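Next come the chains, spelled out residue by residue.
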Amino acid sequence: MPVSNARSFPPSAHDLPLATPAQGAEASTSLWQHIDAWLARPRSARSVVLWLSLYLALATNWPLWNELARIGGAPSMYLPSIAAMALLIVCGSVALLSFTAWSRWMKPVWFAVVVVAAVAQHYMQSYRVVMDPSMLANAMQTDAHEVNDLLSWRLLFHVLLVAALPAWALWRVQVVPMRFVSQAWRNALLLVAAVAVAVGGALAMGRELAPLMRNNVHLRYMMNPLASIYSASAVAIRPMFKHSRKLIPVSGGAALGASYAAQARPPLFVLMVGETARADHFALNGYARDTTPALAAHKVLSWRDVHSCGTNTLASVPCMFSPLGKTAFEARKDEYENLMDVLQAAGLAVFWLDNQAGGCKGVCDRVPHASAFETVDPSVKSALCEGDECLDDVMLHGLDARLAALPAERRGKGVVLVMHQMGSHGPAYYKRSSPDAKRFLPECKSNALAECSHAELINGFDNSIAYTDRFLGKTIDWLKAQSKSYDPALLYLSDHGESLGEYGLFLHGVPYSFAPEVQKHIPMVAWFGEGMSARDKLSRSCMEAGLDTPLTHDNLYHTVLGLMDVKTPSYKPALDALASCRGAPA
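Quick summary incoming for the structure in this document.

## Describing the overall build of the protein
Summing up its helical and strand segments, the protein has 22 helices and 18 strands in all. Seen through its C-alpha atoms, the protein measures out along the principal axes to roughly 135 × 60 × 50 Å. The buried share of the protein, taken over its 586 residues, is 52%. Accessible surface for the protein amounts to roughly 27,200 Å². Of this, 63% is attributable to carbon and sulfur atoms.

Shown next, in the form of structure tokens:
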């Protein structure tokens, strides 16, 4: 039998048939068809909830994973924590969504949860905020202009990046209908199973999780979407279960002191409530940049160790005008009258002028008040305003007319004018200063702070401080012009501070207990005309010697009452920052 000498070799790459573009496209199409067919399979609502919870844990919790990695340091430390937190998030999401596991009509609800989680992740990544109840309460009171400052193409991109896949999946999936009773007991079983697994996981990892959560309270408000849904629900639902708060009067017995009996001129006191200013960015307090030349020229007093009541406007403004102090104010069960009520009850002319659409947070509800941009002249509005958002200079226009319009009898005793600034409200710091006040360039021109360098961000913020300085200088000039008719004075202090990238944080609103110092350390500045200094017998040297005295918003109520010589049972001399300097040697 003949034997062939030919050897058998495998075909070379050159001998193999090449895939044509058409075949590659066909393979790709086939892959998508298989994926689409898999997504379109009939599934129970509980199966959808399980898959969605897993996706949310993996796709919308990157700020939490990054924070755990930062805290843990080494992978051997943070990877177990990430695994444990991921388990808790999945179980928590399953438990929460089990209440929606009914039918295909729940698809819009499921998609809404995805969008909420995507938006929350964007802001946690971009500004390093946490979704606690105070942040959600502050967000719910944000006006349209502030919302516009927080919108960006980056937000849209991040939302689409997270929501596109589940949107397609939810559109394609077929949810199997079931009878109500059958669906109900299965959903209840899913809820119980999710809670049981979560409890078991927490107990198994308790040694690691307990100290981690105790020492880093903010982590619980980074669990997405659980934190956002919990905090929003708490803000919306809690008031429904609280008793109706009554207004507790504190203005009873308020009266003007002896200095009014023989006064040559009534006092005119401007209380300027600043917005988002940092004490360490005032040159008066040692900042390297000359951000406060106007105030320095007016030889103001600047206290260097002052701290706010809260880290957002909603928390700080009502607290700083309250007679209770921070601790009692936060624990109160009823509402109380505030500084404005007491000054008005004593007989003074009181007026609140607001340059924030968010208003006075209830502080001015019982006294005359107005928005600075409501009745402004069109020519002034075109120069200083964009829509209903204006530079602070708008408050100085028509101020003489506002003063003259106050009741003559009250005005003859004295005037307290509160002016609430737009100040340095972020993230669009570049909008808070006029072109001629921009001394630090280039500045960040975006509300997406991650798009700017740190230097540009600081420039934009410092320009807003420089503009506030100029505005305060103009206000003091206006007060000096009133000296023939009034004894003038001005006190300025901010509601809270701001994070500008320290520790990776931006903006403000971090829960007070673990908020960084820069969100609580605020500027406080005072100017006294000769008439006011004389009537209060204020010692300049004494006040200068006390500029490093630690003060808080708790001191405001009592300091203003002391300065205006208003006698009331709620006044506490120990909290009056100027009490020790009245009658002291000049």
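Now that the structure has been shown, we can carry on.
## As for the packing of aromatic side chains
The relation between two aromatic rings is expressed through the spacing of the ring centres and the mutual angle of the planes. If you walk through the whole model with that rule in mind, you get five aromatic pairs. Their ring planes at 20 degrees and their centres at 6.1 Å tell us that Phe 282 and Tyr 492 sit as a pair that is stacked. Here the residue Phe 282 occupies a position in the loop between strand S5 (267-274) and helix H12 (293-297), and Tyr 492 occupies one in strand S13 (residues 487-494), the gap between them amounting to 210 residues. By relative accessible area, Tyr 492 is classed as buried at 1%. Here Phe 321 and Trp 352 contribute two aromatic rings whose centre-to-centre distance is 5.4 Å and whose plane-to-plane angle is 50 degrees, an arrangement assigned as tilted. One end of the pair, Phe 321, is in the loop between helix H13 (313-320) and helix H14 (326-331); the other, Trp 352, is in strand S8 (residues 349-354), and 31 residues separate them in sequence.

## Thoughts on the pattern of salt bridges
A side chain of one charge can pair with a side chain of the opposite charge if their charged atoms are brought near each other. The tally for this structure, following the rule as stated, stands at 19 salt bridges. Here Asp 393 makes a salt bridge to Arg 470, at a shortest N to O gap of 3.9 Å. Of this pair, Asp 393 sits in the loop between strand S11 (389-390) and helix H17 (399-404) while Arg 470 sits in helix H19 (residues 454-481), and the two are 77 residues apart along the sequence. Exposure remark for Arg 470: the relative accessible area of 24% places this residue in the partly exposed category. Residue Arg 540 is joined to Glu 544 by a salt bridge in which the shortest nitrogen-to-oxygen separation is 2.9 Å. With a gap of four residues between them, Arg 540 and Glu 544 both fall in helix H21 (residues 540-545), about one helical turn apart. Residue Glu 544 is classed as partly exposed on the basis of its relative accessible area of 40%.

## Here we look at the nonpolar core
Core analysis: the largest hydrophobic core is formed by 105 residues, its most contacted members being Leu 64, Met 85, Trp 110, Val 394 and Met 419. A per-element tally of this core places helix H4 (residues 75-97) first, with 11 residues. Non-local contacts of Met 419, meaning those with residues more than four positions away in its chain, are made with Val 270, Leu 271, Met 272, Val 273, Leu 353, Met 395, Leu 396, Leu 399, Phe 471 and Thr 475. Grouped together as the second largest cluster of nonpolar side chains are 47 residues, Ala 254, Ala 526, Val 560 and Leu 563 included.

## Quick notes on the pairing of strand S16 (residues 521-528)
In terms of burial, S16 is a largely internal element, eight of the eight residues being buried. Here S16 shows two buried faces, one formed by His 521, Pro 523, Val 525 and Trp 527 and the other by Ile 522, Met 524, Ala 526 and Phe 528. One ladder, built from five bridges, connects S13 with S16; its direction is antiparallel. Bridging from a neighbouring strand, Leu 491 pairs with Ala 526 of S16.

## Focus: the state of the cysteines
Here, the word disulfide means a covalent bond between the sulfur atoms of two cysteines. Counted according to the given criterion, the structure contains five disulfides. The residue that forms a disulfide with Cys 360 is Cys 364, at a sulfur-sulfur distance of 2.1 Å. An S-S torsion of about -85 degrees defines the bridge between Cys 360 and Cys 364 as left-handed. A single burial state applies to Cys 360 and to Cys 364, both of which are buried. Covalent S-S linkage joins Cys 542 and Cys 581, the inter-sulfur distance amounting to 2.1 Å. In this structure the cystine formed by Cys 542 and Cys 581 twists about its S-S bond by roughly -75 degrees; its chirality is therefore left-handed. Residue Cys 542 is located in helix H21, and its partner Cys 581 is located in the segment after strand S18 (566-567); the two are separated by 39 residues in the primary sequence.

## Side note on the sheet that holds strand S9 (residues 369-371)
Sheet architecture is open: eight strands sit in the order S9-S8-S12-S5-S13-S16-S6-S17, paired in mixed fashion. Only two strands of the sheet have a single neighbouring strand rather than two, namely S9 and strand S17 (551-552). In this sheet, S9 lies alongside S8 in parallel orientation, the contact comprising three bridges. Looking at the pairing, Trp 352 lines up with His 369 of S9.

## Considerations on the side chain of Ser 302
Among the secondary structure elements, Ser 302 is positioned in strand S6 (residues 301-307). One polar contact links Ser 302 to Asn 285, side chain to side chain, over a distance of 2.7 Å. Those residues in contact with Ser 302 that sit more than four places away from it in its chain are Leu 284, Asn 285, Met 524, Val 525 and Leu 547.

## Quick word on the environment of Leu 472
Along the chain, Leu 472 falls in helix H19. Sequence separation between Leu 472 and Tyr 492 is 20 residues; the distance between their C-alpha atoms is 8.4 Å. Setting aside residues no more than four positions away along its own chain, Leu 472 makes contact with Met 272, Leu 295 and Tyr 492.

## Focus on helix H5 (residues 107-127)
Over its 21 residues, H5 extends 30 Å from the first C-alpha to the last, a length consistent with the 30 Å expected when each residue adds 1.5 Å. Positive phi appears at Arg 128, one or two residues downstream of H5, with a value of about 55 degrees.

## Thoughts on the packing of helix H3 (residues 62-72) against H4
The N-to-C vectors of H3 and H4 enclose an angle of 150 degrees; their axes lie 8 Å apart at closest approach. By the angle between their directions, the pair H3 and H4 is classed as roughly antiparallel. As for the relative orientation of H3 and H4, their crossing is right-handed in sense. Judged by residue contacts, Leu 64, Trp 65, Leu 68, Ala 69 and Gly 72 of H3 engage Met 77, Tyr 78, Ser 81, Ile 82, Met 85, Ala 86 and Ile 89 from H4. Looking at the contact of H3 with H4 residue by residue, the classes come out as 10 nonpolar, two polar and no charged.

## Remarks on the pairing of S13
Within S13, eight of the eight residues are buried, which leaves the element mostly enclosed by the surrounding structure. Neither face of S13 is left uncovered, since the one carrying Asp 487, Ala 489, Leu 491 and Leu 493 and the one carrying Pro 488, Leu 490, Tyr 492 and Ser 494 both have all their residues buried. Taken together, the eight bridges between S5 and S13 define a ladder with parallel strand orientation. When the sheet's bridge partners are listed, Gly 274 is paired in S13 with Ser 494.

Cut-offs applied
- Residues numbered from 1 in each chain as written.
- Predicted model: local features only at pLDDT ≥ 70, side-chain atom pairs only at ≥ 80, totals over all residues.
- Heavy atoms only, no water.
- Helix = DSSP H or I, 4+ residues; strand = E, 2+ residues; numbered from the N terminus.
- Buried < 20%, exposed > 50% of the residue type's maximum accessible area, 1.4 Å probe, protein only.
- Areas by Shrake-Rupley, 256 points an atom, 1.4 Å probe, with all protein chains shown as cover.
- Phe/Tyr/Trp six-rings, centres within 6.5 Å; stacked < 30°, edge-to-face > 60°.
- Salt bridge = Lys/Arg side-chain N within 4 Å of Asp/Glu carboxyl O.
- Core = buried A, V, L, I, M, F, W, Y, C linked by side-chain atoms within 4.5 Å.
- Contact = heavy atoms within 4.5 Å.
- Pairing = 2+ DSSP bridges.
- Disulfide = S-S within 2.5 Å.
- Polar contact = N/O pair within 3.5 Å; in protein donor to acceptor, adjacent residues only side chain to side chain.
- Expected span 1.5 Å × (residues − 1).
- Axes fitted to C-alpha atoms, helices over the stretch in contact; angles between N-to-C directions.
- Parallel < 35°, antiparallel > 145°, perpendicular 65-115°, else oblique.
- Left-handed = near helix turned anticlockwise from the far one by under 90°.
- Nonpolar A, V, L, I, M, F, W, Y, C, P; charged D, E, K, R; others polar.

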